[in-house]
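Per-entry structural report
As a plain string of letters, each chain reads:
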Amino acid sequence: MKLTGGEIIVKQLVKENVKYILGIPGHGVLGLFDAIRKEEEAGNIKYIQVKHEQAATAIADGYFRVSGRPLAVFASIGPGTLNTAIGLGTAYADSTAFLLLAGDTHVHMKGTGVLQEIERYLDSNIIRSLEPLAKRSWRAESVEQLPKIVRRAVSTMTTGRSGPAVIAAPMDVQSAAAECKFAEKEAIDDRPAPDKAAIARAVEIMKNAKRPVILAGGGALSSRAESEIYALAEKWGAAVVTTLQGKGAVSETHDNYCFHTGSKGTLCGLKICSTADVVLAVGTRFADETTCSYRKGVSFNFPDTKLIHIDIDSGELGKNYAPDVGIVADLKKSLVELEAEIGELPKKKEYLDEIKALRASWLDYLASVRAKKAERMTISQLIGVLNDKLPEDTIIATSSGNTQAQLFQEYRYKKPYRNLTTGGFSTMGWAMPAAMGAKLAAPESPVVALLGDGDFLMVMQEMATMAKYEIPVVVVLADNSGWMAIKDLQMDVLGADAAFGNDFLREGKPYSPDFYATAEAFGIAAYKAEDEAALGEALGRALKENKPALILAPVSREYPFTGGKAFGWWDVPIPAYRAERRASYEQNKKEETL
């Protein structure tokens, strides 16, 4: 059977159970796009039209994080393809997946400088700009290569450590025809099991622990390992702490749960991790925010604390902290084996009572913060309403800034696998389209995008996508007329006199567009919530109506009510001319163990 390159690509995607393909057409993907049209008309795949290619990547990313299944994104040659770079970087840093199909120069014309070709250093070289952002990339030079390339791309994305893949499809390859034999799936049905000797060494360390901690990262979230984590924690008598990327890997109401460590961590998480005698780290990179920039004794106290580190990627073991036992394996299998081998242990009553007291103290602290009055509702108060009013199965997406940091610190998920955030790349403009992807993946679950106005202004055109396809996401917009996370950082680190360039001002006064009217103009249900009661009412109405909605919530611009408190430490270098602050910074920096 003769098929064009575009037909082969799309039919192979259908064979791979790809439900949606997203993007913006252009002359560089005309052959591919016509094949998409044919398969959509046949009912085999659904095309979603976005208004910016970056939004397509975020929708696909959110879909993968909820479903574990990759979607396809396409972009035309040149600028369209480069518009996907931020989305690729986000997926790569956070170990999630989607397939990018990038239009490219005709095979026989590469190097001539056709419209939108990048060729001065190397012919048709745009794919090189994406290589650091993808787990693997290909350029198809013939139609016959395509079935195998697409099959390999999907397999690569979804085995081992997940990551995005890129296929550059030259315009002539998309439209030329050849006899086609579709590639069959490889028989990859399993993930690596842990080494028995390594498990035995880990168990010996674990048996002697008096203050054990299980640290769950993004790998634990993507592996859906809550039951295995808590089974081991209960048997071992361990506290459970999650990273920013790992938040939501477990229910946050369990008695052994101590929330978070790191620069944006909680008092209880920092205390438990910094005083642990053994840390079992599962699926975490030990990035700078989790480790308080590796400052000894703040987040962790390695090497005085023993470290058992489990990861599917051997490159993460020993990268930042040398483990006493390193296990390269599937973390669920490893947790099951550890739980089976550890045997019965004496109860750690005193330690478990301490965990309970620290949890209670943290919740009391949050209550005291939310009781304070500012000139407007605070983000902390807003999150308190979300915690009280949202159904337990609500999925929440955040991007960056104070909304991300405070939801991480303060929101308590009653069910696992409900949190979506760009923990590794902290990408502005991600939350709203990612929430749309989550809703497509889990239509039965309520989905909320929580973001600030600076974030929203980068992606607000995608309200058109939400309205066009009637994707019932509730956008909660915390409007403070500026990039307050960076203003707060300037004031915290450099001093109040350093606040500069982050307020949105017009004629010297705080300024925001009329987001309420804008949402209505896009055909989105709009609500205003200027206090906690109004926010609770708006959430109830929006969720009941189950339509695309935006809730405009003006929040405090009054420092320090603009954000949450950072209890950890983060290495933000201070200019030498701020001598006193620089001296303190350099003293703290000496405690870093890198």
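Residues numbered from 1 in each chain as written. Predicted model: local features only at pLDDT ≥ 70, side-chain atom pairs only at ≥ 80, totals over all residues. Heavy atoms only, no water.

Attention now moves to the nonpolar core. A general feature of soluble globular proteins is that nonpolar side chains tend to end up buried together. One finds Leu101 and Phe456 to be the most contacted residues of the largest nonpolar core, which totals 91 residues. By residue number, the principal contributor to this core is helix H17 (residues 431-441), which donates eight residues. Excluding anything up to four places from it in sequence, phenylalanine 456 contacts Met432, Leu451, Met463, Val475, Leu477, Phe515 and Leu550. Listed in part, the 49 residues of the second largest apolar core include Leu270, Val298, Val325 and Ile574. (Core = buried A, V, L, I, M, F, W, Y, C linked by side-chain atoms within 4.5 Å. Buried < 20%, exposed > 50% of the residue type's maximum accessible area, 1.4 Å probe, protein only. Helix = DSSP H or I, 4+ residues; strand = E, 2+ residues; numbered from the N terminus. Contact = heavy atoms within 4.5 Å.)

With that settled, the discussion passes to helix H13 (residues 331-341). Of the positions making up H13, those classed as buried are Leu331, Ser334, Leu335, Glu337 and Leu338. On an axial view of H13, the arc spanned by its buried residues comes to 165°, and they lie on one face. Just downstream of H13, glycine 343 is the residue with a positive phi angle, here 75°. (Arc of directions from axis to C-beta.)

Here we take up unusual backbone geometry. Following phenylalanine 302, the chain continues into proline 303 via a peptide bond in cis, with omega recorded as 5°. Position of proline 303 relative to the elements: it lies in the loop between strand E12 (278-282) and strand E13 (306-311). Here the bond from tyrosine 559 into proline 560 is cis, since omega is 10°, no more than 30 degrees from zero. You can see proline 560 is positioned in the loop between strand E22 (549-554) and helix H23 (579-589). Its identity as a non-glycine residue notwithstanding, glutamate 470 has a phi of 50°, on the positive side. At serine 481, a residue that is not glycine, the phi angle is positive and equals roughly 55°. Looking at serine 481, the relative accessible area reads 5%, which means it is buried.

The next subject is the sheet that holds strand E7 (residues 165-170). What links the strands of a sheet is backbone hydrogen bonding, and the strands pair in either a parallel or an antiparallel sense. Across the sheet, which stays open at both edges, the six strands sit in the order E3-E2-E4-E5-E7-E6 with parallel pairing between neighbours. One side of each edge strand has no neighbouring strand; the edge strands of this open sheet are strand E3 (46-49) and strand E6 (136-139). Each adjacent strand pair in this sheet contributes to an overall mean axis angle of 20°, direction not counted. Strands strand E2 (20-24), E3, strand E4 (72-75) and strand E5 (99-104) of the sheet are contacted by helix H2 (residues 30-41), whose axis makes an angle of about 125° with E3. Sheet strands in contact with helix H3 (residues 53-67) are E2 and E4, and its direction is about 160° off that of E2. (Pairing = 2+ DSSP bridges. Axes fitted to C-alpha atoms, helices over the stretch in contact; angles between N-to-C directions.)

With that settled, consider the side chain of arginine 359. Its place among the elements puts arginine 359 in helix H14 (residues 349-371). Although arginine 359 is buried, it makes no salt bridge; aspartate 255 carries the closest opposite charge, 5.2 Å away. Separated by 3.4 Å, the side chain of arginine 359 and the backbone oxygen of histidine 254 make a polar contact. Beyond its immediate chain neighbours, meaning those up to four positions away, arginine 359 contacts Glu252, Thr253, His254, Asp255, Tyr257, Phe259 and Cys268. (Lys, Arg positive; Asp, Glu negative; His and termini not counted. Salt bridge = Lys/Arg side-chain N within 4 Å of Asp/Glu carboxyl O. Polar contact = N/O pair within 3.5 Å; in protein donor to acceptor, adjacent residues only side chain to side chain.)

As a further point, take the sheet that holds strand E15 (residues 395-398). Taking strand neighbours across the sheet as the criterion, the six strands line up as E16-E15-E17-E18-E22-E21 in an open arrangement whose pairing is parallel. Because the sheet does not close on itself, it has two edges, and the strands there are strand E16 (419-421) and strand E21 (525-528). Ignoring strand direction, the axes of neighbouring strands in this sheet form an average angle of 20°. Two elements, E21 and E22, share four bridges in a ladder whose sense is parallel. Note on E22: the bridge partner recorded for lysine 528 is leucine 552.

Under the counting rule described, the total for this entry stands at 19 aromatic pairs. Here tryptophan 362 and tyrosine 365 contribute two aromatic rings whose centre-to-centre distance is 5.2 Å and whose plane-to-plane angle is 25°, an arrangement assigned as stacked. Here tryptophan 362 pairs with tyrosine 365, and both are found in helix H14, just three residues apart, close to one helical turn. Grouped by ring-pair contacts, the aromatic residues Phe286, Tyr294, Phe300, Phe302 and Tyr321 constitute a single cluster. The aromatic ring of tryptophan 570 is capped on one face by lysine 264, whose charged end is 5.0 Å from the ring centroid. Here the guanidinium or amino end of lysine 528 rests over the ring plane of tyrosine 516, the centre of that ring lying 4.8 Å away. (Phe/Tyr/Trp six-rings, centres within 6.5 Å; stacked < 30°, edge-to-face > 60°. Lys NZ or Arg CZ within 6 Å of the ring centre and 35° of its normal.)

Burial of E12 is extensive: five of the five residues sit out of reach of the surface. As defined by bridge partners, strand E9 (residues 212-216) adjoins E12 across five bridges and the pair is classed as parallel. Within E12, the residue paired with proline 212 across the bridge is valine 278. Sheet analysis places E12 next to E13, joined by five bridges and oriented parallel. Across the sheet, valine 282 pairs through a bridge with isoleucine 310, a residue of E13.

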